[in-house]
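The residues making up each chain are set out below.
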Amino acid sequence: MLSLFSATLLLLASLSHTTLADQLPLSPSTLIGSIPHLGFGTWNLKVSHSNTSDAVSAAIQAGYRHIDCAAAYGNQKDVGRGIKEGMKKVGLKREDLWITSKLWNDHHLPAKVEEGLNETLKELGLDYLDLYLMHWPVGNAPDGKLHYDYVQTWRAMEYLPSTGKVLNLGISNFSPTQLRELMHSASIKPAVHQMEMHPYLQQVDWLMHHRRHGIHVTAYSPLGNSNPTYSPDSTDLPPPLLQNKEILAIAEKANCTAAQVALAWGRSRGTSVIPKSSHVSRIEENYGAKTCILWNDDTKRIEGLGEKYLHRFNNPSRGWGVDLFEGLDGV
Ligand SMILES: NC(=O)c1ccc[n+]([C@@H]2O[C@H](COP(=O)([O-])OP(=O)(O)OC[C@H]3O[C@@H](n4cnc5c(N)ncnc54)[C@H](OP(=O)(O)O)[C@@H]3O)[C@@H](O)[C@H]2O)c1
Ligand SMILES: *[C@@H]1O[C@H](CO)[C@@H](O)[C@H](O)[C@H]1NC(C)=O
Ligand SMILES: *[C@@H]1O[C@H](CO)[C@@H](O)[C@H](O)[C@H]1NC(C)=O
Ligand SMILES: *[C@@H]1O[C@H](CO)[C@@H](O)[C@H](O)[C@H]1NC(C)=O
């Protein structure tokens, strides 16, 4: 117990960017409940129906209590079956899990927001979500034109907690200007902002900004460019994060794997991380990041990678014909 406690202190002390004052939210968090900092991602889980359910069930059996879903992933029925199966195998109640899902761009019109939630709950086979995110600050109007009025969409989302079907509201992929605009007119502050974040896209100032405003950050694609849909679009891409020599050296020293190092680093910054895998061995390996301890000099080395290889992998700006992430790193 004592050694676990001192390891935790050392872990906190190894947060080398910040003073303790920086880490204390100046504005209180509105988060209801506590979001488990190691979650399971479900994008691209679709080899087959049963494969998807098996992976989600395996994650719950491995110890994950936070599942990250989205209507856009097109697999919520299978994910929902996996959740049921995992809960049954481990003997859990719904309240033991944290389930996030996201409003897709085709349901941004205020009149369609509640329908989006209803469909997601039906697909997942659940009565409520712990967290509902606006997936992108960009919607599609029925005429096919882009609809940018995310403030109006948010206002419609603000009604949802009163229905009892959602505990927390949040956002994903917002820029500083978009967040400022939202906060200016919102009556419910986003409890969580989910964004791309990993050793190649560290976004220190942006993370600090959220800490000051009491908004929890969830790091997506925490394994960097491991997601094969982040296909090379240029010749000077950084080396695959999990094959990066520095990460491998830290992993060897810490007796962890490269994936565990990337995830432990994300956890050490107070963000939640949501790695996806369709393989049981990796699902278990990634959960093992909970006991991977990094030291001050390890995090210093990882900071260096952020400067050397800075890269944002998920940016649909060009395809969608919209400006995204304005003012942020790696754009
Ligand atoms: N809000 C958003 O716009 C947004 C955007 C992107 C992602 N997300 C969420 O974040 C989750 C995670 O991000 P992501 O799926 O992009 O990427 P990721 O979790 O960083 O990486 C997933 C990839 O890494 C591989 N992998 C997983 N564990 C591994 C290990 N231990 N060793 C080697 N390879 C490993 C997986 O392969 P296998 O599956 O073959 O094992 C998969 O191809 C998503 O699933 C989704 O829930 C949200
Ligand atoms: C899902 O399918 C892939 C490819 O066939 C396989 O390698 C993997 O082990 C399967 N995962 C699960 C959880 O059954
Ligand atoms: C959503 O479902 C609720 C029941 O949970 C229902 O009262 C409501 O009318 C539905 N809203 C839409 C827009 O479908
Ligand atoms: C390293 O990790 C492995 C797997 O988690 C464990 O079995 C082994 O005992 C660890 N070795 C040391 C020296 O801690």
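So, here's what we can say about the structure. (Residues numbered from 1 in each chain as written. Chains lettered and ligands numbered in written order. Predicted model: local features only at pLDDT ≥ 70, side-chain atom pairs only at ≥ 80, totals over all residues. Heavy atoms only, no water.)

For the rest of this paragraph, the subject is the pairing of strand β4 (residues 129–134). Where burial is concerned, most of β4 is hidden: 6 out of the 6 residues are buried. With 4 bridges connecting them, strand β3 (residues 98–103) and β4 associate as parallel partners. If you follow L103 over to β4, its bridge partner there is M134. One crossover worth recording links β3 to the parallel β4 by way of helix α5 (residues 110–124), and it is right-handed. (Buried < 20%, exposed > 50% of the residue type's maximum accessible area, 1.4 Å probe, protein only. Helix = DSSP H or I, 4+ residues; strand = E, 2+ residues; numbered from the N terminus. Pairing = 2+ DSSP bridges. Right-handed = clockwise from strand over helix to strand, strands pointing away.)

Attention now moves to the pairing of β3. Burial analysis of β3 places 6 of its 6 residues in the buried class, the great majority of the element. Here strand β2 (residues 66–68) runs beside β3; their pairing, made up of 3 bridges, is parallel. Bridged to D68 within β3 is T100. On the question of chirality, the crossover connecting β2 to the parallel β3 by way of helix α4 (residues 76–90) is right-handed.

Turning to helix α7 (residues 176–185), a few remarks are in order. Taken together, the buried positions of α7 are occupied by Q178, L179 and L182. End-on view of α7: buried residues confined to an arc of 100°, all on one side of the axis. Exposed and facing more than 90 degrees away from the buried side of α7 are R180 and H184. Packed against the buried residues of α7 are α6 (150–157), β7 (166–172) and α8 (204–212). (Arc of directions from axis to C-beta. Contact = heavy atoms within 4.5 Å.)

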